[in-house]
Every structure is written in structure tokens, then in C-alpha cells.
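Structure assessment
Take a look at the letters that make up each chain.
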Amino acid sequence: MRLVLVGPPGAGKGTQAQFIAEHLSIPKISTGDIFRANVSQGTPLGLQAKAFMDRGDLVPDDVTIDMVRHRLAEADATGGFLLDGFPRTTPQAQVLDDILADAGVKLDVVLELVVENDEVIRRLSGRRTCRSCNHIWHVDFDPPAVEGVCDLDQGGLYQRDDDQPVTIANRLEIYATDTSPLVNYYAERGLLIGIDATGPVDDITQRATDALRPLEHQD
Ligand code: AP5
Ligand code: MG
């Protein structure tokens, strides 16, 4: 399956992506995770992206598109993928259509996680991420057994630099102006499924897998 997750910052894209990708046995491709890995390794791509990310701005389309084009060409993505955080602008969506058309395939579905702004602010303010396996936790809603330590691999947890109030506000504004038009873009193409992304994480995973079931094994 070729699937895109869309939704505001803090909607739970990363949280759900880890479960959905595993359920469907497809790689999860998160542009935010790839950028953060490059920032922490100090690569030229990371140096280029860091200033934009720290402000909560989008990394320019040409840089992002180049990176995704390369990632989608890797062997594990040829049979399907889950994209988390891409596309985020109409030009990115158009290029994704072109990349897939060139490969003779198409997107199966775009899953929109629908959540109100006040809830995503609560989620982002308490988010913690494992430095080694990237698992996502929350200090109140999904705390690890030992504060600051990942249950899965005992990695240290950190708070993302862009989870500060001013940056969160900017990211929400950019979502509204630059990314939310994609909801219509994909609805017009008959690809959009919206699900209520409030309530317990497991309930949302269940809603997502129920919504995707009719699309599985269609090839
Ligand atoms: P990215 O990493 O993609 O950030 P984002 O879109 O802002 O989304 P988040 O990762 O903040 O939220 P999420 O929806 O994944 O929520 P999560 O599951 O973590 O991008 C970061 C930056 O990279 C961008 O700002 C930009 O600079 C750059 N970038 C990336 N892609 C780009 C692109 N295509 N073009 C240009 N630039 C790009 O959940 C949040 C918290 O809520 C967690 O603590 C979690 O435990 C908790 N939670 C989850 N579900 C629930 C629930 N049901 N109930 C209670 N708590 C919950
Ligand atoms: Mg994320």
C-alpha cells in the first residue's frame, strides 16, 4: 500500500505511523525524522534544514523533494510505503504524483488525522522522543515506566527543539496556510479518508486500520 498521513503538528502522525506501518509491513518514511537524524549527524542537509526547523518553518521544497525522491527510490519502498510529514505543500504533492507516475504506480490513500488545536498544543508540550529508537512518549498521556528513559530500549528521552510555545504556534499557522489545502487536493482526487484522532492511541490505530482494510490486498 502507498499511503500518506496528513494532519497538524501533534495530531499523532508519528505515533500512528509506527503502528500502521508495522501492521501493513511497509516502511515508514518520516521527513521530520530524516531531517532530525541529519541535524544530529551534522550533515550538509542537516545544516541546511536546522534553521528552518528551529523556527518551525518548512524546509524549502527543492531540498525536501530531492531528499524524498532519493528515499522513495530505495529498494524497501518500491512495494509500498507510509509517508509521515510529506507532502506538506501543493508543489510537494504534485511532484509526488509525478514520481509515482514515472514509476508506473499511484497513491492508494491519504489518511487525515483530525484533531483540534488546543489538543495538539497539550500533546506537543509534553512530548518526549527516544534518542536511539525515535519512539514517541508523552509525560502525561503516554509516560514511560521510568521518567526520561524509553521502555523499549532504555534510550534517553529528549524534548524536541521545535516543541516550544512560540514555535508550536508558528507550525500550526503554517499548517493552516501551506498544508491544509492538501486535504482538498486529495479529496478532489477521491483519495482522502478522514478519521477522528482524539481519544486513546489504540482506539485511533483501530479506526485507522478499519478504514484501510478495504484497500488492503487490492493489487
Ligand atoms: P515533523 O517532525 O513532521 O513535525 P510535525 O508535522 O510538526 O508533526 P509532529 O511530529 O510534531 O507531530 P505528530 O503528528 O507526528 O505527533 P506525534 O505522534 O509526535 O516536522 C518537523 C519539521 O521538519 C517541520 O516543522 C519542518 O521544518 C521540517 N519538515 C518535515 N517535513 C517537511 C516537509 N515535507 N516539507 C518541509 N519541511 C518539512 O504526537 C505528539 C504527542 O502527542 C506525543 O507526545 C504523543 O505521545 C502524544 N499523543 C499521540 N497520540 C495521542 C493521543 N491519542 N492522545 C494523547 N496523546 C497523544
Ligand atoms: Mg511526527
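Heads up: the structure comes first, above all this text.
Since the model is a prediction, treat every value here as computed from it, not as a measurement.

Okay, the sheet that holds strand β5 (residues 127-130) next. As summarised here, the arrangement of the 3 strands in space is β6-β5-β7, forming an open sheet in which the pairing is antiparallel. Bordering the open sheet on either side are β6 (136-138) and β7 (157-158), each of which pairs with just one other strand. Pairing of β5 with β6 involves 3 bridges; the strand directions are antiparallel. What sits directly across from T129, in β6, is I136.

Turning our eyes to something else, we now look at the environment of L113. Within the secondary structure layout, L113 lies in strand β4 (residues 109-114). Judged by its relative accessible area of 1%, L113 falls in the buried class. Considered as a pair, L113 and A21 are 92 residues apart in the sequence and their alpha carbons are 15 Å apart. Discounting chain neighbours no more than four positions away, the residues touching L113 are V6, G7, P8, A11, G12, K13, Q16, I195 and A197.

Glancing now at the sheet that holds strand β2 (residues 28-30). A sheet is described by the order of its strands in space; here 5 strands give the open sequence β2-β3-β1-β4-β8, paired in parallel fashion. Because the sheet does not close on itself, it has two edges, and the strands there are β2 and β8 (192-196). Each neighbouring strand pair of the sheet contributes to a mean axis angle of 20 degrees, computed without reference to strand direction. Here β4 pairs with β8 via 5 bridges, running parallel.

What counts and what doesn't
Residues numbered from 1 in each chain as written. Chains lettered and ligands numbered in written order. Predicted model: local features only at pLDDT ≥ 70, side-chain atom pairs only at ≥ 80, totals over all residues. Heavy atoms only, no water. Pairing = 2+ DSSP bridges. Helix = DSSP H or I, 4+ residues; strand = E, 2+ residues; numbered from the N terminus. Buried < 20%, exposed > 50% of the residue type's maximum accessible area, 1.4 Å probe, protein only. Contact = heavy atoms within 4.5 Å. Axes fitted to C-alpha atoms, helices over the stretch in contact; angles between N-to-C directions.

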